[in-house]
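As a plain string of letters, each chain reads:
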Amino acid sequence: MSYVLTCPNCGPREVTDFGFGGEFHPRPTTAPSERDLNRYVYFRRNVAGLQVEWWQHRSGCKEWFLAERDTRTNEVKWTALPADAPSD
């Protein structure tokens, strides 16, 4: 299934121009325990619905950015560079 994703730098493009980087979750702010590091690296929520994800514009500016996408419909609610992303 193809859809349009908007690069914060280059504008709307076909999703095939981008590389999926996985579900976003904040990095640990302090040295994590082995258990916390394992959870951060390997465990994902994999929701059926809205989730924030990492994407890279691999056929354009090469920039990494965040997108909130509905995994059921592929509707993209917003895209932003990490510094400009909405905070929940």
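Presented here is a report on the structure given in the accompanying data block. (Residues numbered from 1 in each chain as written. Predicted model: local features only at pLDDT ≥ 70, side-chain atom pairs only at ≥ 80, totals over all residues. Heavy atoms only, no water.)

**Some thoughts on the sheet that holds strand E4 (residues 50–56)**
Threshold: In short, DSSP must find at least two bridges between two strands for them to pair. In DSSP terms, a helix is any run of H or I states spanning at least four residues, a strand is any run of E spanning at least two, and both are numbered starting from the N terminus. Helix axes are fitted to C-alpha atoms over the stretch in contact, other axes to C-alpha atoms as well, and angles between N-to-C directions run from 0 to 180 degrees.
Judged by pairing direction, the sheet is antiparallel, and its four strands sit side by side in the order E3-E4-E5-E6 without closing on themselves. In this open sheet, the two strands that pair with only one neighbour each are strand E3 (19–23) and strand E6 (76–80). Averaged over neighbouring strand pairs, the angle between their axes works out to 30° when direction is ignored. Sheet analysis places E3 next to E4, joined by four bridges and oriented antiparallel. Considered in E4, the bridge of glycine 19 is made with glutamine 56.

**Some words on the state of the cysteines**
Our working rule: Cysteine sulfur atoms are paired as a disulfide whenever they fall within 2.5 Å. Relative accessibility decides the category of a residue: with a 1.4 Å probe and only protein chains considered, values under 20% of the type maximum give buried, values over 50% give exposed, and everything between is partly exposed.
Counting across every chain of the model gives zero disulfides. In this structure cysteine 7 is a free cysteine whose sulfur lies 3.7 Å from that of cysteine 61, the closest cysteine sulfur available. Residue cysteine 7 is classed as buried on the basis of its relative accessible area, which comes to 2%.

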